[in-house]
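Given next are the chains, with one letter for each unit.
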Amino acid sequence: CFVMGTIPDDLGGIFQHLKEAALTMQQGGGVGMDFSTIRPKGAEVKGVGADASGPLSFMDCWDSMCRTVQSAGARRGAMMGCLRIDHPDVLDFIEAKRDPARLRNFNLSVLVTDAFMAALDAEADWPLCYGGKTYRTIPARELWDRLMRATYDYAEPGVIFVDRVNQANNLAYCESISASNPCGEQMLPPYGACLLGSINLAALVDQPFAEGAAIDPARLEEVSGLAVRLLDNVIDISGYPLAEQEAEARAKRRIGLGITGLADALLFCGLTYGSAEAVAQMEQWLDAIRRGAYRASALLAAEKGPFPAYDPAMLERPGLLALDDETRALIAKHGLRNGCLTSIAPTGTISLLAGNVSSGVEPVFAYHYTRRILDPDGTARFEEVEDHALRVWRKVCGDTAPPEGLFVSAQTLTPADHVTMQAAAQRLIDSSISKTVNCPEDIAFEAFSEVYREGYRQGCKGMTTYRPNAVTGSVLSAEAPQKPADEAPAAAMESPAPREPVLHGTTYKLRWPASAHALYVTINNAEIDGELRPFEVFINSKNMDHYAWTLALTRMISAVFRRGGDVDFVSEELKAVFDPRGGAWTNGRYVPSLLAAIGDIIETHLKQFAPGQIDLPMELGPPAGTAIDAPPTGPCCSQCGQPGMIREEGCNKCLSCGYSKCG
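An account of the accompanying structure is given in this report. Everything numeric here is computed off the predicted structure, so don't read it as measured data.

### Concerning the nonpolar core
Logical step 1: Counting residues in hydrophobic clusters, the biggest one holds 135 residues, and the most contacted among them are Trp-62, Phe-116, Leu-143, Leu-201 and Leu-262.
Logical step 2: With twelve residues, the top contributor of residues to this core is helix α10 (residues 276-304).
Logical step 3: Once residues lying within four places of it in the same chain are set aside, the contact partners of Phe-116 are Ile-85, Trp-126, Ala-140, Leu-143 and Trp-144.
Logical step 4: Formed by 23 residues, the second largest nonpolar core is a distinct cluster that contains Ile-523, Val-570, Ala-584 and Leu-594.

### What about the sheet that holds strand β2 (residues 31-34)?
Logical step 1: An order of β1-β2-β7-β8-β11-β21 is seen for the six strands of this open sheet, with the pairing classed as mixed. Of all the strands in the sheet, the pair left with one neighbour each is β1 (2-3) and β21 (462-463).
Logical step 2: Inspection of the sheet shows β1 paired to β2 by two bridges, in the parallel sense. Across the sheet, the residue bridging to Val-3 is Gly-32, located in β2.

### Digging into the sheet that holds strand β23 (residues 504-510)
Logical step 1: As summarised here, the arrangement of the three strands in space is β23-β24-β25, forming an open sheet in which the pairing is antiparallel. Looking at the sheet topology across the chains shown, the edges are occupied by β23 and β25 (531-541). Shown here is a sheet whose adjacent strand axes are inclined to one another by a mean of 20°, direction ignored.
Logical step 2: Two elements, strand β24 (residues 519-528) and β25, share ten bridges in a ladder whose sense is antiparallel. Following the sheet pairing, Asn-525 is matched in β25 by Pro-534.
Logical step 3: Sitting on the sheet, helix α18 (residues 547-562) touches β24 and β25, and the angle it makes with β25 is about 175°.
Logical step 4: Contacting β23, β24 and β25, helix α20 (residues 594-606) crosses the sheet at an angle of about 145° to β23.

### What about the packing of α10 against helix α15 (residues 415-426)?
For any two helices packed against each other, one specifies the crossing angle of their axes together with the interaxial distance.
Logical step 1: Interaxial distance between α10 and α15 falls to 9 Å at its minimum, and their mutual angle equals 25°. Here α15 runs roughly parallel to α10, going by the angle between their axes. Crossing hand, α10 versus α15: right-handed. Contacts from Val-279, Met-282, Glu-283 and Leu-286 in α10 reach Thr-420, Met-421, Ala-424 and Ala-425 in α15.
Logical step 2: Classifying every residue of the contact of α10 with α15 by side-chain character gives six nonpolar, one polar and one charged.

### A few points about the packing of aromatic side chains
Logical step 1: Going through the model one piece at a time under the given rule, you end up with 15 aromatic pairs.
Logical step 2: With a centroid separation of 6.1 Å and 75° between ring planes, the pair formed by Phe-15 and Phe-58 is classed as edge-to-face. Taken together, the positions of Phe-15 in helix α1 (residues 11-26) and Phe-58 in helix α2 (residues 55-68) put the pair 43 residues apart, joining distant regions of the chain.
Logical step 3: Overall, the relative accessible area of 38% leaves Phe-15 in the partly exposed class.
Logical step 4: Look at Phe-58 and you get buried, because its relative accessible area is 12%.
Logical step 5: Where Phe-116 meets Trp-144, the ring centres are 6.3 Å apart and the plane angle is 35°; that geometry is what we call tilted. Taken as a pair, Phe-116 in helix α4 (residues 114-121) and Trp-144 in helix α5 (residues 140-154) lie far apart in primary sequence, 28 residues in all. In this structure, Phe-116 and Trp-144 share a single accessibility class: buried.
Logical step 6: Ring pairs connect the aromatic residues Phe-209, Phe-268, Tyr-367, Trp-393 and Phe-407, which therefore count as one cluster.
Logical step 7: Against the face of Tyr-135 rests Lys-133, its NZ or CZ located 4.7 Å from the ring centre.
Logical step 8: Over the face of the ring belonging to Tyr-456 we find Arg-164, whose NZ or CZ atom lies 4.3 Å from the ring centre.

### Description of the pattern of salt bridges
Logical step 1: Under the definition given, this model contains 38 salt bridges.
Logical step 2: For Glu-303, the salt bridge identified is with Arg-229, shortest N-O distance 2.8 Å. One end of the pair, Glu-303, is in helix α10; the other, Arg-229, is in helix α7 (residues 217-237), and 74 residues separate them in sequence.
Logical step 3: Here Arg-337 and Asp-236 are joined by a salt bridge, their closest N and O atoms 4.0 Å apart. You can see Arg-337 sitting in the loop between α12 (325-334) and α13 (348-353) and its partner Asp-236 sitting in helix α7, a full 101 residues away along the chain.
Logical step 4: The buried category is assigned to Arg-337, whose relative accessible area is 9%.
Logical step 5: A relative accessible area of 32% places Asp-236 in the partly exposed class.
Logical step 6: In the salt-bridge network here, residues are joined through shared partners; they are Glu-221, Asp-287, Arg-290, Arg-291, Arg-295, Asp-324 and Glu-326.

### Thoughts on the pairing of strand β10 (residues 133-139)
Logical step 1: As paired elements, strand β9 (residues 125-130) and β10 share six bridges and run antiparallel to each other. Bridged to Cys-129 within β10 is Thr-134.

### Considering helix α8 (residues 243-252)
Logical step 1: Three or more residues of α8 are buried, namely Gln-245, Glu-248, Ala-249 and Lys-252. Along the long axis of α8, the arc covered by the buried residues comes to 95°, so they all point the same way.
Logical step 2: Looking at the buried side of α8, the elements it contacts are β1, α1 and α7.
Logical step 3: In the stretch just after α8, Arg-253 is the one whose phi turns positive, near 50°.

Conventions we followed
Residues numbered from 1 in each chain as written. Predicted model: local features only at pLDDT ≥ 70, side-chain atom pairs only at ≥ 80, totals over all residues. Heavy atoms only, no water. Core = buried A, V, L, I, M, F, W, Y, C linked by side-chain atoms within 4.5 Å. Buried < 20%, exposed > 50% of the residue type's maximum accessible area, 1.4 Å probe, protein only. Helix = DSSP H or I, 4+ residues; strand = E, 2+ residues; numbered from the N terminus. Contact = heavy atoms within 4.5 Å. Pairing = 2+ DSSP bridges. Axes fitted to C-alpha atoms, helices over the stretch in contact; angles between N-to-C directions. Parallel < 35°, antiparallel > 145°, perpendicular 65-115°, else oblique. Left-handed = near helix turned anticlockwise from the far one by under 90°. Nonpolar A, V, L, I, M, F, W, Y, C, P; charged D, E, K, R; others polar. Phe/Tyr/Trp six-rings, centres within 6.5 Å; stacked < 30°, edge-to-face > 60°. Lys NZ or Arg CZ within 6 Å of the ring centre and 35° of its normal. Salt bridge = Lys/Arg side-chain N within 4 Å of Asp/Glu carboxyl O. Arc of directions from axis to C-beta.

And the structure:
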């Protein structure tokens, strides 16, 4: 993950940084940017006789770039956009995602200062300033309520308590932080880079569900030291998209060692996530990891030398002051190999690889569900998946019912339980934590707002919540509204929307090695019920061999588009077609057939309509009395169409096919 360089307030510099972000994303890096350095909308631009367009207009450029550039492995890119709470355009920034088509490739976070929180407590006015000029003054309470209302309605922006981030930073003596990576667990300086790794706590518990179930602290420290050595080596063997990123990484040798499987490990020890006993146990584990990590880094410094930017005064930083005397003495003698060592990142994929353990610091989201697995030949199969802890319970305890209240989930916990766990973990972590505080749909606005203020009071560096609601649910619908039974038969299909005389769209040129002439794929859009969506497809070519099947194909696809609903499956079906005569290499990757290439084009076109998050109403847990292994309900995945899309660790994750997007 990366945070890009400080964006200058001039056109040439802005677009140079856009280019740097594109190059970074092309090679697989998620990026974060602070747009507070760009002058507000309407400010004078001397020398050109014009007014500034403001930071949001340039964020639109980044958003368009992200739609165009695919990350390494053909993943969609992920970005974090930040703006200070005192920037004159902060209200526009807060409201930006009320437009369902805008900034969909961004996560957004407001950089909230200690001074603002003090003004909020004092019910004082708050100045919005840039370059020493106050553009307007607004009651701090009004600004806070606007921010809270936005995240209450559609889960963004998040909040970063930026002064606390800098005050607690080990490296505050040589850097200033004003942005994070896309999921928020790495607060980084300009051109900052960090690599992440996680220890699977669930794998370290001896005798799960037995009376003496525990993790050996000495073993945990040993594993932490091994992980630090591994991650430190990765710094040296990695390639970096930009020279500035490499210089920053090697100067401070920042790593982010974290955890996964926490909730399962607590279950193994008979502890309920969110309880006082669980908090105390988690603190012991994280303290052992911190101790093992810092001792390993000091020993690495003795062996290989401290990181180039090391200063002995670092021992007086808050994070190092909290270490035990023995570890501090070791650091005083040898220095440190790594400037920052710990972080808790989203661990969706590695948690699956580890046997479907609980993810990161989060509680278990679902104990039982079905995954859709796509095989290399394009066919799909389905596998029943259980949470690792539930699977072990059944192995150890058979059909015995779990103790009441032990197998809690993200939905059954209160927001206070989430905040308590996050805050306790934060006290033992160098950087930050990627965590979502799940809130019930019917939570009162005042109580929701208090979640953020309580997180600040308890020492969190940032807050992200998710509350299913009607506003975000309107962005994308899981299914068309059902007609009453007495109005239409159950099998009736919706009538296709009528075609307007003039439609606008995009034409894509497709060259296929086996064809002498290019194909031109035109996709037109139409506004239906106030929503812009794809309406029809045409394919033209001088090669008449394609005429019959392309005509049939486009008529069928157009009929699907005109009937509305979720049409993402069209591109997925086409991309799964393999030509027995062989495919072709195009744009640096293998495409199995001409139909698959057309599917790629349709997928590219559909991305402009895809929301940045799965904004659908979600059932918050099973009804009372439902078994813990009931299949999850919730919004349908845009990739596989199955229900069970969740919002966790700042990302959208599909429990069925594994699709994940932090944006």
